[in-house]
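Listed here are the chains, written in short residue letters.
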Amino acid sequence: MRSWGVTLRVLPDLDAAAREGARLVAATAGTVLSRSGRFTLALAGGRTPRALHAHLVSQAIDWERTVVLFGDERCVPSEHPDSNYRMARESLLDRLPRPPGKVLRMEGELPPADAAARYEEAMRQVFPGTPFPRIDLVILGMGADGHTASLFPGTAALTEHERWVAANHVPQLDAWRLTLTFPVLQSAAAVLFIVAGEDKAPVLAEAFGGLPHPAPYPCERARPTEGVLTVLADRAAASRLPQPLP
Ligand code: 6PG
């Protein structure tokens, strides 16, 4: 089993990190599409991706040969202000010159267990005949508590090792979420974290900066078993790293 390192890069601010993230997405897409007929990309939720998407729109990516998936979703209708799909549609999908070849939306409006099962079934059509899908690139964010996607500390989905998609009740939010599971994230060919903001600094320093901490955060477990892990952080999020990076 190959062990792959983590590339952690610090950029001056969120916009610079987003610009570099968009460049990495485009470069990955180009590499993948030079040797295969499709590029599979899982988008992150939350607020940070809006900055990434603003730069992605102008990247020369063959979206018609791209399959867009989602790392997680809130259990709300697609037009709800909290919907990750709505955020991605507004900031990216509706602004592309041509729509992606396929967009797999998590159906947040359905009962969570049904939505999770349906999404897994849809993913299995895209990645047939494999124990876990090898998504070409998964974009992730990180919460100040170390969660990623909707894999929150102390929640049931952290121990899901069979399913590709989990309906996860998050007591700290008093809400249900849909999320890709660790086996899926760990099967990815590449994971790209984009982390911004001072509030993320303590966890970033522990999770990806080597500072000792009692137990791994969910974000630490979202690393490819055989793939590339890149963390782009703005200076604020990187402010607690043990050695200032060049
Ligand atoms: C979500 C995300 C979540 C997000 C982090 C960071 O649905 O909220 O998937 O994991 O990436 O919470 O969120 P911000 O980008 O808003 O800081």
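Our subject in this report is the structure included herewith. What you see is a predicted model, and the numbers here were worked out from it, not measured in a lab. (Residues numbered from 1 in each chain as written. Predicted model: local features only at pLDDT ≥ 70, side-chain atom pairs only at ≥ 80, totals over all residues. Heavy atoms only, no water.)

1. Here we look at the packing of aromatic side chains
Counted by the stated rule, this structure contains two aromatic pairs. Taken together, a centroid distance of 5.2 Å and an interplanar angle of 55° make the contact between phenylalanine 193 and phenylalanine 208 tilted. On the criterion of sequence distance, the pair formed by phenylalanine 193 in strand E9 (residues 190-195) and phenylalanine 208 in the loop between helix H6 (201-207) and strand E10 (228-234) is long-range, its members being 15 residues apart. Of the residues examined, phenylalanine 193 reaches a relative accessible area of 0% and is grouped as buried. Directly above the ring of tyrosine 85 sits arginine 105, whose terminal nitrogen or CZ lies 5.8 Å from the centroid. (Phe/Tyr/Trp six-rings, centres within 6.5 Å; stacked < 30°, edge-to-face > 60°. Helix = DSSP H or I, 4+ residues; strand = E, 2+ residues; numbered from the N terminus. Buried < 20%, exposed > 50% of the residue type's maximum accessible area, 1.4 Å probe, protein only. Lys NZ or Arg CZ within 6 Å of the ring centre and 35° of its normal.)

2. As for helix H2 (residues 49-56)
With six of eight residues buried, H2 lies mostly within the body of the structure. Looking only at H2, the buried set comprises Pro49, Ala51, Leu52, His53, His55 and Leu56. Residues of H2 that are buried in the fold lie against helix H1 (14-35), strand E2 (39-43), helix H3 (84-91), strand E6 (137-140) and E9. (Contact = heavy atoms within 4.5 Å.)

3. Some words on the packing of H1 against H2
Between H1 and H2, the shortest axis-to-axis distance is 8 Å and the interhelical angle comes to 55°. Classed by the angle they form, the pair H1 and H2 counts as oblique. For the pair H1 and H2, the crossing hand works out as right-handed. Contacts between H1 and H2 involve Leu14, Asp15, Ala18, Arg19, Gly21, Ala22 and Val25 from the first element and Ala51, Leu52, His55 and Leu56 from the second. Partitioning the contact of H1 with H2 into residue classes produces seven nonpolar, two polar and two charged. (Axes fitted to C-alpha atoms, helices over the stretch in contact; angles between N-to-C directions. Parallel < 35°, antiparallel > 145°, perpendicular 65-115°, else oblique. Left-handed = near helix turned anticlockwise from the far one by under 90°. Nonpolar A, V, L, I, M, F, W, Y, C, P; charged D, E, K, R; others polar.)

4. Let's talk about the site of the ligand
Not every one of the 15 residues close to the ligand is listed here, only the nearest: Thr48, Asp72, Arg74, His147 and Ala149. Measuring from an oxygen atom of the ligand, one finds a backbone N or O atom of arginine 47 at 2.8 Å. Within the side chain of threonine 48, an N or O atom sits 2.6 Å from an oxygen atom of the ligand. Burial of the ligand by the protein amounts to 92% of the accessible area it has alone, namely 420 Å². With respect to the pocket detection grid, the ligand is positioned in the largest pocket. Considering only residue class, the shell around the ligand consists of two nonpolar, eight polar and five charged. (Near = heavy atom within 4 Å. Polar contact = N/O pair within 3.5 Å; in protein donor to acceptor, adjacent residues only side chain to side chain. Areas by Shrake-Rupley, 256 points an atom, 1.4 Å probe, with all protein chains shown as cover. 1 Å grid on protein atoms, 1.4 Å probe; cavity = no way out; pocket = protein on both sides within 12 Å on 5 of 7 lines; lining within 4 Å. Sits in = over half its atoms within 2 Å of the grid points.)

5. A short note on the sheet that holds E9
With parallel pairing, the seven strands of this open sheet are ordered in space as E1-E10-E9-E6-E2-E3-E5. Looking at which strands have only one partner, the edges of the open sheet turn out to be strand E1 (6-11) and strand E5 (102-103). Against the sheet, helix H4 (residues 112-126) contacts E2, strand E3 (66-70) and E5, and its axis sits at roughly 155° relative to E3. (Pairing = 2+ DSSP bridges.)

6. Some thoughts on the pattern of salt bridges
One pass over the structure, following the stated rule, counts 14 salt bridges. Between arginine 105 and glutamate 109 there is a salt bridge, and its shortest N-O distance comes to 2.8 Å. By relative accessible area, which is 25% here, arginine 105 ends up partly exposed. A relative accessible area of 37% places glutamate 109 in the partly exposed class. The salt bridge involving arginine 163 is made with glutamate 160; its shortest N-O contact spans 3.4 Å. Sharing partners across several salt bridges, the network here consists of Arg9, Glu20 and Arg23. (Salt bridge = Lys/Arg side-chain N within 4 Å of Asp/Glu carboxyl O.)

7. Let's talk about the nonpolar core
Met123, Phe193 and Leu204 are the most contacted members of the largest nonpolar core, which has 77 residues in total. Here the element with the most residues in this core is H1; it accounts for eight residues. Leucine 204 has contacts with Met142, Val195, Gly209, Val231, Ala233, Ala237, Ala238 and Leu241, leaving out every residue within four places of it along the chain. (Core = buried A, V, L, I, M, F, W, Y, C linked by side-chain atoms within 4.5 Å.)

8. Some words on empty space enclosed by the protein
A full pass over the atoms with the stated rule returns one cavity of 30 Å³ or more. Here the largest cavity is characterised by a volume of approximately 40 Å³. Lining of the largest cavity is provided by Ala44, Gly45, Thr48, Pro49, Leu52, Ile139, Leu140, Gly141 and Ile194. At the level of secondary structure, the elements contributing two or more residues to the lining of the largest cavity comprise H2 and E6. A breakdown of the residues in the lining of the largest cavity according to their chemical character gives six nonpolar, three polar and no charged. (Points joined across faces, edges and corners; volume = space filled by probe spheres on them.)

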